[in-house]
Amino acid sequence: GDIELRRVREHVWEIPQEGEMNAPARVLASEALLDHIGDDKTLEQLRNATHLPGITKHAICMPDGHQGYGFPVGGVGATDTTDGCISPGAVGYDINCGVRMMTTNLTYEDLQGHEEELVDALFEAVPSGLGGGGVVKGDAETIEDILARGMQWAVDAGYATDDDLAHCEDEGFRDDARPEFVSQKAKDRGRNQIGSLGSGNHFLEVQRVTDIYREDVAESFGLEADQIVVLIHCGSRGLGHQTCTDYLRRIEKEHKDLLDGLPDKELAAAPAGSELAEEYYGAMCAAINFAWVNRQLIMHRTREVFADVFDRDWRDMEMRLLYDVAHNIAKKEVHEVGVDPEGRPVRDGDAVEREERELYVHRKGATRAFPAGRPELPPAYADVGQPVIIPGSMGAGSYVLRGGDQSLDLTFGSTAHGAGRLMSRTKAKQEYWGETVQDELREQEKIYVKAQSGATVAEEAPGVYKDVDEVVRVSDELGIGDKVARTFPVCNIKG
Ligand code: 5GP
Ligand code: MN
Ligand code: MN
């Protein structure tokens, strides 16, 4: 494209501020990853994001970044909560899409010979695909309760333990959730989907730990080589999608002036302090609660399946939640920001001092990566930094990182969320045939994949994703997320 990047230092590139931009933009990538990032509209979308009112310091693209709806996937944008804005497009349609990892005391050897039985049983027990229902059928009251109380509802209903809550971002519960701002239509869509993977990119994967990079951190996370772990990736289903749609429409109607000032309608944002901003934030937080319950119910079913297949209580198999992280979210967080003599946020080089500011940190396809010491961290990780979970693909490694000590300075405490897509779904279906991919994975890699449709497998074939090892290398070298362990798939179910 016509967008020039200035090299700041290794893995750090900048689109300088000019014209109507409210800040410069930064891309964190190696030259190899940058090649792909230049392929689509990512850089244009990133530059557009700097037009958002109140955007602070930089709009930032993570190493796995690619084009999204309005705002890049792999994008981080922090906007001031007093004179900035909040943008549903910078959160994403799948509010609180995220991943959780559950550890076990089983080894790969314990599991070998049971792969087929396990993948079939998981596929049977965990609702997936379009339709298919959920683990729980919610009446109107249940939905309200889930939206208001998140995983606290799951504890009361017998689907979660207190230990699960203690190992979830925000303890699985946002108290600023306002269910009354979630439309009836969204609630109705959610009712039949409480505890369901959905289709396409979402998955449940049984994995084995192949590599440990930081022994001491791995030990605090309870990870060791050859261990079996489970990774669950899904979000808020139709409820979150409908909520995003509802608020995009309202912004178009009620804040046309702000919208007209932005280079792309898809960036639609509500001004901080407006009624609509407050309502969207409350509704988004409610959808966040829904997604946490969703992943919790799927984990609960997974424990039951393991208990069946291995004929042991799940507690004996020490099936514990390592951590649950959101990767499509906006949150009010306090960050230190450099300011100029008038108190306006500026880049570090131009700052005369640093002040604490409350910001809406939008992480879209980006994971919070707080280092030790941030007050948000649960006691288990307060001294080590939070676990960060980065999936690769059904045929590649995935990673556990820990929040790095450079992340607060460089990325408002964030890192990548995956390998990132390389190829559109349409192109993927031309390149790959689902059954062939499945057969090859089984024969060559001993990976057992089961999906609702062959098309899904083709759309999600390992080759449609970038090199996750390279993404994680950049994160580690920048010090925003440090490598702790690598895993590899054993069984995978897809919607
Ligand atoms: P997204 O949230 O953007 O849909 O996906 C997050 C990341 O998950 C992708 O960038 C990709 O790297 C990874 N991913 C997609 N499918 C699979 C899978 O089946 N297994 C694993 N381990 N990772 C996957
Ligand atoms: Mn999602
Ligand atoms: Mn996701």
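See the structure shown above.
Below you will find a few notes about this structure. Fair warning: this is a prediction, and the values are worked out from it, not measured in the lab. Counting restarts for each chain: residues are numbered from 1 in the order of the written sequence. Chains carry letters and ligands carry numbers; both start at the beginning, A for chains and 1 for ligands, and go up in the order they are written. Under the rules for a predicted model, residues below a pLDDT of 70 receive no local features and side-chain atom pairs below 80 are neither given nor counted, while totals for whole chains, interfaces and linings still include all residues. Side-chain figures throughout are based on the complete set of non-hydrogen atoms in the structure, without hydrogens or water.

1. Things to note about the layout of surface pockets
There is about 1300 Å³ of room inside the largest pocket. Note on conventions: DSSP H or I runs of at least 4 residues are helices, E runs of at least 2 residues are strands, and numbering of each starts at the N terminus. Among the elements of the structure, helix 1 (31–37), strand 4 (55–66), strand 8 (203–212), strand 9 (227–234), helix 10 (237–254) and strand 19 (481–494) are those that each provide at least two residues to the lining of the largest pocket. Top contributing element to the lining of the largest pocket by residue count: helix 10, with three residues. The rule is simple: put a 1 Å grid over the protein atoms alone, call a set of points where a 1.4 Å probe fits but cannot get out a cavity, call an open set with protein on both sides within 12 Å along at least five of seven lines a pocket, and count a residue as lining if it has an atom within 4 Å of a point. Grid points are joined across faces, edges and corners, and a volume is the space filled by probe spheres set on the points. By volume, the second largest pocket is sized at about 410 Å³. Taken together, 23 residues line the second largest pocket, and the ones lying closest to its centre are Thr103, Phe221, Gly222, Leu223 and Gln227. Within the residue set of the lining of the second largest pocket, elements represented by two or more residues are strand 7 (98–107), helix 9 (215–221) and strand 11 (320–326). Amino acids outside the nonpolar list (Ala, Val, Leu, Ile, Met, Phe, Trp, Tyr, Cys, Pro) and the charged list (Asp, Glu, Lys, Arg) are all regarded as polar, and Gly is one of them. Taken together, the residues that form the lining of the second largest pocket break down as nine nonpolar, eight polar and six charged.

2. What about the sheet that holds strand 12 (residues 328–339)?
At least two DSSP bridges between two strands are required for those strands to pair. Ordered by their spatial adjacency, seven strands build an open sheet running 1-2-3-4-5-13-12, and the pairing between neighbours is mixed. Edge strands, defined here as strands with exactly one partner in the open sheet, are strand 1 (6–9) and strand 12. Averaged over all adjacent pairs, the angle separating strand axes in this sheet is 30°, with direction ignored. Of the pairings in the sheet, the one linking strand 2 (residues 12–15) to strand 3 (residues 25–28) comprises four bridges and is antiparallel in character. From the neighbouring strand, Ile15 faces strand 3, where its bridge partner is Ala25. Its contacts with the sheet put helix 12 (residues 275–310) on strand 12 and strand 13 (353–364), and the angle it makes with strand 12 is roughly 120°. Strands in contact with helix 17 (residues 468–478) are strand 1, strand 2, strand 3 and strand 4; relative to strand 4, the strand with the most contacts, it is inclined by about 145°. Angular values range over 0 to 180 degrees, each being the angle between N-to-C directions of two axes fitted as lines to C-alpha atoms, with helices fitted over their stretch in contact. Contacts were defined at the residue level, with two residues in contact if any of their heavy atoms lie within 4.5 Å.

3. Regarding a negative patch on the surface
A grouping of Glu109, Asp110, Glu215, Asp216, Glu219, Glu224 and Asp226 is seen on the molecular surface, where their side chains present a negatively charged patch. Top element by residues in the negative patch is helix 9. It accounts for three residues. By the secondary structure assignment, Glu109 is in helix 3 (residues 108–111). Put simply, a patch holds well-exposed residues, over 30% relative accessible area, that have no salt bridge, with like charges counted together within 9 Å and Val, Leu, Ile, Met, Phe, Trp or Tyr side chains within 5 Å. Residue-level accessible areas treat just the shown protein chains as cover; the underlying method is Shrake-Rupley with a 1.4 Å probe. Salt bridges, as used here, are contacts in which a Lys or Arg side-chain nitrogen is within 4 Å of a carboxyl oxygen on Asp or Glu. When charges are tallied, Lys and Arg are placed among the positive residues and Asp and Glu among the negative ones, while His and the ends of the chain are skipped. Where a charge sits is defined by one atom per residue type, namely NZ (Lys), CZ (Arg), CG (Asp) or CD (Glu).

4. Comments concerning the pairing of strand 9
When accessible area is computed with a 1.4 Å probe and restricted to protein chains, residues below 20% of their type maximum are described as buried, those above 50% as exposed, and intermediate ones as partly exposed. In terms of burial, strand 9 is a largely internal element, eight of the eight residues being buried. Where burial is concerned, the two faces of strand 9 agree: the one with Gln227, Val229, Leu231 and His233 and the one with Ile228, Val230, Ile232 and Cys234 are both buried. Of the strand pairs in this sheet, strand 7 and strand 9 are connected by seven bridges, and their pairing is antiparallel. Paired with Arg100 across the strands is Ile232, a residue of strand 9. In this sheet, strand 9 lies alongside strand 8 in antiparallel orientation, the contact comprising six bridges. Note on strand 9: the bridge partner recorded for Phe203 is His233.

5. Remarks on the coordination of the manganese ion (ligand 2)
By definition of the ideal shapes, a tetrahedral metal site with four donors has angles of 109.5 degrees and an octahedral site with six donors has angles of 90 or 180 degrees. Any nitrogen, oxygen or sulfur atom within 2.8 Å of a metal ion counts as a donor, with the limit raised to 3.2 Å for Na, K and Ca, and since water is left out, coordination shells can look unfinished. Bound to the manganese ion (ligand 2) on the protein side are Asp94 (OD), Cys97 (SG) and His202 (NE2), at distances that span 2.1 to 2.3 Å. In primary sequence terms, the donor set of the manganese ion (ligand 2) follows D-x2-C-x104-H. Here the manganese ion (ligand 3) and the manganese ion (ligand 2) are spaced 3.6 Å from one another, each receiving a donor from Cys97. Here His202 lies in the loop between helix 8 (184–191) and strand 8 and Cys97 lies in the loop between strand 6 (85–86) and strand 7, a separation of 105 residues in the sequence.

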